[in-house]
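Here is how the chains run, residue by residue.
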Amino acid sequence: MGEEVALQEFTPADRTRYREKVRRCLDVFERMLREARFDTDDPMTGLEVELNLVDELGDPALRNAAALEAIADPDFQTELGQFNIEINVAPAKLREGGLSVFEETLRRSLNDAERKSAAVGAHLVMIGILPTLDEGHMGAHTLSANPRYALLSDQILAARGEDITIAITGKERLRSTSESIIPEAACTSTQLHVQTSPDQFAAYWNASQAISGIQLAIGANAPYLLGKELWRETRIPLFEQATDTRSVELKAQGVRPRVWFGERWITSVFDLFEENVRYFPALLPIVDDAEDPLKVLEAGGTPNLSEMRLHNGTIYRWNRPVYDITRGVPHLRVENRVLAAGPTVADTVANAAFYFGLVRYLAEHDRPLWSQMSFSAAEENFHLAAQQGIDAQVYWPGLGQVRATELVVRRLLPMARAGLDAWGVPGAESDRLLGIIEQRCLSGVNGAEWFACRMGDRADQDRYDALRATLLEYRERMHTNEPVHTWT
């Protein structure tokens, strides 16, 4: 959804033309996969972080346009809500110190951005859901000014045919409705990108799916929404519901949701793009008449496949396939969208190290994990971990039900270390970052647990006063870059 699109209306003929063009793109993509026209020589990794904006009191600051103007850095971009922005960190090779580069770049950029945005009354916070949001922020008036967001909101609501309902039961219960997709803006994430060859893509995607629940358990950081303590990673049910184009009747019929864990292990990246076309109607049927992808391919060029990519951008898999082009050469990536932002840069990069190492080890292991585990078990782990966070008990092949933190410390950290070794990550770098994950597991403290515990200490206060005070304390500690398990 990074494409610049204008407000517009779509006719039935537009949708028919778009469907035909997407299918043509899919045919060309299948041919490209057969003919191995992809960059696979020296895989890159990438990192994006979505951020919240707050004022001096800790309330949402609807100032992203002013903040971006003040920051004046092309690495920072607008996001769905006026209280969001996003930073895209330049891709890096892990064997060239990429994890340290990510950490240094992110810290430097965020410190600079905070200094500049503070001058316009907007402070940066890395957290999965801004806990001081209230019902007054959940209207269309808080959408960012870029027309693509209003267009996407209109199309989702039109497809749904009724207002969006948010209903989440955790430690407390929340029920709310919205006439726009602005509740989606409450979800701010870290997105990890790993480049892979067409032949290895299925293994990397399957491995990413299999470990998503583990990532959530140890990295949960979104325990509050609209004043209610809900799931430890409330982003998961919120995002699933906030962009749901299905009415109650369509859900009952088994129509697939646009925020989707999936339903099976795959054998090729083509499986995912083909499912996109087979199961999901277009939300933004915008046709690029300037390109005939088959002609471009047969002339020796690299087709943009614009319609296929735009369609893929409106289907929100937790591990999304990405087709992209760099310097005229196409490549494939897995975009891991599971984790919340924060709490600190150190925590964020430690999460990245754990993911990059573990996913490589599992993807390239002789006996695939997913051959020993049902897809439904991976999905159950995912939602259970989102609900319970660091206390979650998950299923793991050969062990049965096991506490996620015990699994990480005893089994998965050595795998992640071996995977980082295979990437060429220096040992000292691996030890430091995976040590943060280990200590988080041993202490039982991640972002969600810390926040909920501090809220418990303020249980005698008005709920929103307590949320503001805790968020301000969180923001202060975030800037120390001391990992969350050290916060006392």
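Residues numbered from 1 in each chain as written. Predicted model: local features only at pLDDT ≥ 70, side-chain atom pairs only at ≥ 80, totals over all residues. Heavy atoms only, no water.

> Where do I start with the pattern of salt bridges in this structure?
Oppositely charged side chains may form a pair once their charged atoms are brought near each other. Inspection of every chain in the model, using the stated rule, returns 40 salt bridges. Arginine 468 is the salt-bridge partner of aspartate 59, the closest N and O atoms lying 2.8 Å from each other. Here aspartate 59, found in the loop between β1 (45–54) and α2 (64–71), pairs with arginine 468, found in helix α17 (residues 463–478); they are 409 residues apart in sequence, far enough to count as distant. Arginine 432 is paired through a salt bridge with glutamate 103; the nearest N and O atoms lie 2.8 Å apart. Note that arginine 432 is positioned in helix α15 (residues 427–443) and glutamate 103 in helix α3 (residues 98–118), a separation of 329 residues in sequence. Of the residues examined, arginine 432 reaches a relative accessible area of 39% and is grouped as partly exposed. Since its relative accessible area comes to 10%, glutamate 103 is described here as buried. (Salt bridge = Lys/Arg side-chain N within 4 Å of Asp/Glu carboxyl O. Helix = DSSP H or I, 4+ residues; strand = E, 2+ residues; numbered from the N terminus. Buried < 20%, exposed > 50% of the residue type's maximum accessible area, 1.4 Å probe, protein only.)

> Explain the layout of surface pockets to me, please; I cannot follow it from the model alone.
In this approach a probe as big as a water molecule rolls over the atoms, and the regions it shows empty are the leftover space. If you add up the space inside the second largest pocket, you get close to 220 Å³. Looking at the second largest pocket, the residues that line it are Arg15, Tyr18, Arg19, Val22, Gln155, Ala159, Val277, Phe280, Pro281, Ala282, Leu283 and His311. Among the secondary structure elements, those contributing two or more residues to the lining of the second largest pocket are α1 (12–35) and α4 (147–160). Ranked by residue count, the leading element in the lining of the second largest pocket is α1, at four residues. (1 Å grid on protein atoms, 1.4 Å probe; cavity = no way out; pocket = protein on both sides within 12 Å on 5 of 7 lines; lining within 4 Å. Points joined across faces, edges and corners; volume = space filled by probe spheres on them.)

> Which parts of the structure should I look at to understand the environment of valine 408?
For valine 408, the location among the structural elements is in helix α14 (residues 404–423). Residue valine 408 is classed as buried on the basis of its relative accessible area of 0%. Between the C-alpha atom of valine 408 and that of phenylalanine 102, which follows or precedes it by 306 residues, the distance is 23 Å. Those residues in contact with valine 408 that sit more than four places away from it in its chain are Ile214, Ile218, Phe354, Leu413, Pro414, Ile437 and Cys441. (Contact = heavy atoms within 4.5 Å.)

> Would you mind showing me how to read the nonpolar core here?
The nonpolar side chains of a soluble globular protein tend to be buried with one another. Ranked by size, the top nonpolar core spans 156 residues in total, and within it Phe29, Leu99, Phe354 and Phe356 carry the most contacts. For this core, the element with the most residues is helix α12 (residues 345–363), which contributes 13 residues. Among residues more than four places away in sequence, those in contact with phenylalanine 356 are Thr45, Gly46, Leu94, Leu99, Phe102, Leu192, His193, Val194, Leu420 and Trp423. (Core = buried A, V, L, I, M, F, W, Y, C linked by side-chain atoms within 4.5 Å.)

> Help me out: how do you make sense of helix α16 (residues 447–457) in this one?
Note on helix geometry: an α-helix contains 3.6 residues per turn, so any two residues three or four positions apart are oriented the same way. Of all the 11 residues making up α16, eight are buried; the element is thus mostly covered by neighbouring parts of the structure. For α16, the complete set of buried residues consists of Gly447, Ala448, Glu449, Trp450, Phe451, Ala452, Arg454 and Met455.

> It is not clear to me how the packing of aromatic side chains should be interpreted in this structure. Could you clarify?
How two aromatic rings sit relative to each other is given by the distance of their centres and the angle of their planes. Considering all chains together, one arrives at 20 aromatic pairs under this definition. Among the aromatic residues, those joined into a ring-pair cluster are Phe239, Phe261, Trp265, Tyr316, Trp318, Phe375 and Phe382. The ring of tyrosine 279 carries the charged tip of arginine 256 above its face, separated from the ring centre by 3.6 Å. The ring centre of tryptophan 423 lies 4.6 Å from the NZ or CZ of arginine 360, which sits over that ring. (Phe/Tyr/Trp six-rings, centres within 6.5 Å; stacked < 30°, edge-to-face > 60°. Lys NZ or Arg CZ within 6 Å of the ring centre and 35° of its normal.)

> What am I meant to see in empty space enclosed by the protein here?
Under the counting rule described, the total for this entry stands at three cavities of 30 Å³ or more. Of the volumes computed, that of the largest cavity is approximately 120 Å³. What lines the largest cavity is simply Leu51, Arg107, Leu110, Asn111, Glu114, Leu124, Met126, Val345, Met478, His479 and Asn481. With four residues, α3 is the single largest residue contributor to the lining of the largest cavity. For the lining of the largest cavity, the per-class residue count stands at six nonpolar, three polar and two charged. Roughly 50 Å³ of volume is contained in the second largest cavity. Lining the second largest cavity are Met138, Ile166, Leu174, Ser176, Thr177, Ser178, Pro183, Leu225, Leu226 and Leu238. (Nonpolar A, V, L, I, M, F, W, Y, C, P; charged D, E, K, R; others polar.)

> How do you make sense of a negative patch on the surface when you look at a structure like this?
Together, Glu162, Asp163, Glu179 and Glu249 make up a region of like negative charge exposed at the surface. Position of glutamate 249 among the secondary structure elements: in helix α8 (residues 248–252). (Patch = residues over 30% accessible without salt bridge, like charges linked within 9 Å, V, L, I, M, F, W, Y side chains within 5 Å. Areas by Shrake-Rupley, 256 points an atom, 1.4 Å probe, with all protein chains shown as cover. Lys, Arg positive; Asp, Glu negative; His and termini not counted. Charge placed at Lys NZ, Arg CZ, Asp CG, Glu CD.)

> Would you take a moment to explain the packing of α14 against α15 for this structure?
When two helices pack together, their arrangement is given by the angle between the helix axes and by the axis-to-axis distance. The interhelical angle for the contact between α14 and α15, taken along N-to-C directions, is 170°, at an axis separation of 10 Å. On the basis of their axis angle, the class for α14 and α15 is roughly antiparallel. Along its contact with α14, which presents Thr405, Val408, Val409, Leu413, Ala416, Arg417 and Leu420, the element α15 presents Gly427, Ser430, Asp431, Leu434, Ile437, Glu438, Cys441 and Leu442. (Axes fitted to C-alpha atoms, helices over the stretch in contact; angles between N-to-C directions. Parallel < 35°, antiparallel > 145°, perpendicular 65-115°, else oblique.)

> Would you explain the state of the cysteines in this entry?
Two cysteines, two sulfur atoms, one covalent bond between them: this is a disulfide. Taken as a whole, this structure holds zero disulfides when the rule is applied. Here cysteine 441 is not disulfide-linked; the sulfur of cysteine 453 is the nearest cysteine sulfur, at 18 Å. Cysteine 441 gets classed as buried once you look at its relative accessible area, which sits at 7%. (Disulfide = S-S within 2.5 Å.)

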